[in-house]
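Letter by letter, the chains look like this.
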Amino acid sequence: QVQLVESGGGLVQTGGSLRLSCAASGLTFSNYAMGWFRQTPGKERDIVASISGSGGHTEYAIFVKGRFTISRDNAKNMVYLQMNSLKPEDTAVYYCAAARSIATLTLSSDWGQGTRVTVSS
């Protein structure tokens, strides 16, 4: 029943910014931790950032810390990823995921279709 729809990807230059959005439905949104993952073909899917159901706790991968910010609006069932100071290595398809806790996000099968981010050098 869970449906996640990502948007906001695109082509940007090194140092540029993008804001990704994920619209969630089919779940009691505030009860779910949300996360952003990214994947390049042939590589593993890496967790980028996560946020607790209340929004009170966030976690970031080392490779994006200080550049990306995850946030959520529980009244709108939306989660966002603000990406600043983008680097070519950030190029990937970005996926939104939902789980009952941050700790189980990597095990979640509830994913969106992804939105592609390309950072040119």
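Described in the following lines is the structure provided in the data block. Throughout, a residue's number is its position along its own chain's written sequence, starting from 1. Local features in this predicted model are restricted to residues whose pLDDT is 70 or higher, and side-chain atom pairs enter the listing and the counts only when it is 80 or higher, whereas totals over whole chains, interfaces and linings include all residues. To obtain the side-chain values, all non-hydrogen atoms of the structure were included, while hydrogens and water were left out.

Turning to the state of the cysteines, a few remarks are in order. Cysteine pairs can be linked by a disulfide, which is a covalent bond between their two sulfur atoms. To count as a disulfide, a pair of cysteine sulfur atoms needs to be within 2.5 Å. Under the definition given, this model contains one disulfide. A sulfur-sulfur distance of 2.2 Å marks the disulfide that ties C22 to C96. With the S-S bond torsion at -85°, the cross-link from C22 to C96 turns out left-handed. In this pair, C22 sits in strand 3 (residues 18–25) while C96 sits in strand 9 (residues 92–99), placing the two residues 74 residues apart along the sequence. The exposure class of C22 is buried, given its relative accessible area of 0%. Helix and strand labels come from DSSP, where a helix needs a run of H or I of at least four residues and a strand needs a run of E of at least two; each type is numbered from the N terminus. For the exposure calls, accessible area comes from a 1.4 Å probe over protein chains only, and a residue counts as buried if that area is under 20% of its type's maximum, exposed if over 50%, partly exposed in between.

Take the side chain of R67 next. With respect to the helices and strands, R67 occurs in the loop between strand 6 (58–60) and strand 7 (68–73). Look at R67 and you get buried, because its relative accessible area is 10%. Between N or O atoms, a polar contact is any pair within 3.5 Å; within protein, one atom must be a potential hydrogen donor and the other a potential acceptor, and residues adjacent in sequence are included only when both atoms are from side chains. A distance of 2.7 Å separates a polar side-chain atom of R67 from the backbone oxygen of F63. Among the polar contacts listed, one links the side chain of R67 to the side chain of D90, at a separation of 2.7 Å. For R67, the residues in contact, after removing those within four places along its chain, are Q82, M83, N84, S85, L86, K87 and D90. Contacts: residue pairs with any heavy atoms within 4.5 Å of one another.

Our focus in this paragraph is the sheet that holds strand 1 (residues 3–7). Two strands pair if DSSP finds at least two bridges between them. Sheet architecture is open: four strands sit in the order 1-3-8-7, paired in antiparallel fashion. Taken across any chain shown, the strands that pair with only one partner, and hence form the sheet edges, are strand 1 and strand 7. Averaged over neighbouring strand pairs, the angle between their axes works out to 15° when direction is ignored. Note that strand 7 and strand 8 (residues 78–83) share six bridges and pair antiparallel. Angular values range over 0 to 180 degrees, each being the angle between N-to-C directions of two axes fitted as lines to C-alpha atoms, with helices fitted over their stretch in contact.

It is worth spelling out the nonpolar core at this point. For this analysis, a nonpolar core means a set of buried residues of the types Ala, Val, Leu, Ile, Met, Phe, Trp, Tyr and Cys, connected via side-chain atoms within 4.5 Å. Ranked by size, the top nonpolar core spans 28 residues in total, and within it M34, W36, V79, L81, M83 and Y94 carry the most contacts. Mapped by element, the contributors of at least two residues to this core are strand 3, strand 4 (33–39), strand 5 (46–51), strand 7, strand 8, strand 9 and strand 10 (115–120). Those residues in contact with Y94, other than ones at most four positions away along the chain, are E6, L20, W36, F37, R38, V48, F68, L81, M83, G114, T115 and V117.

Time to look at the sheet that holds strand 5. Taking strand neighbours across the sheet as the criterion, the six strands line up as 2-10-9-4-5-6 in an open arrangement whose pairing is mixed. This sheet does not close on itself; its edge strands, each paired only once, are strand 2 (10–13) and strand 6. Here the average twist between neighbouring strands, direction ignored, is 25°. Bridge analysis of strand 5 against strand 6 gives three bridges, and the strand direction is antiparallel. Counterpart to I51 in the pairing with strand 6 is T58.

Take D90: it is sitting in the loop between strand 8 and strand 9. A distance of 2.8 Å separates a polar side-chain atom of D90 from the backbone nitrogen of K87. The residues contacting D90, other than those within four sequence positions of it, are R38, R67, F68, S85, V117 and V119.

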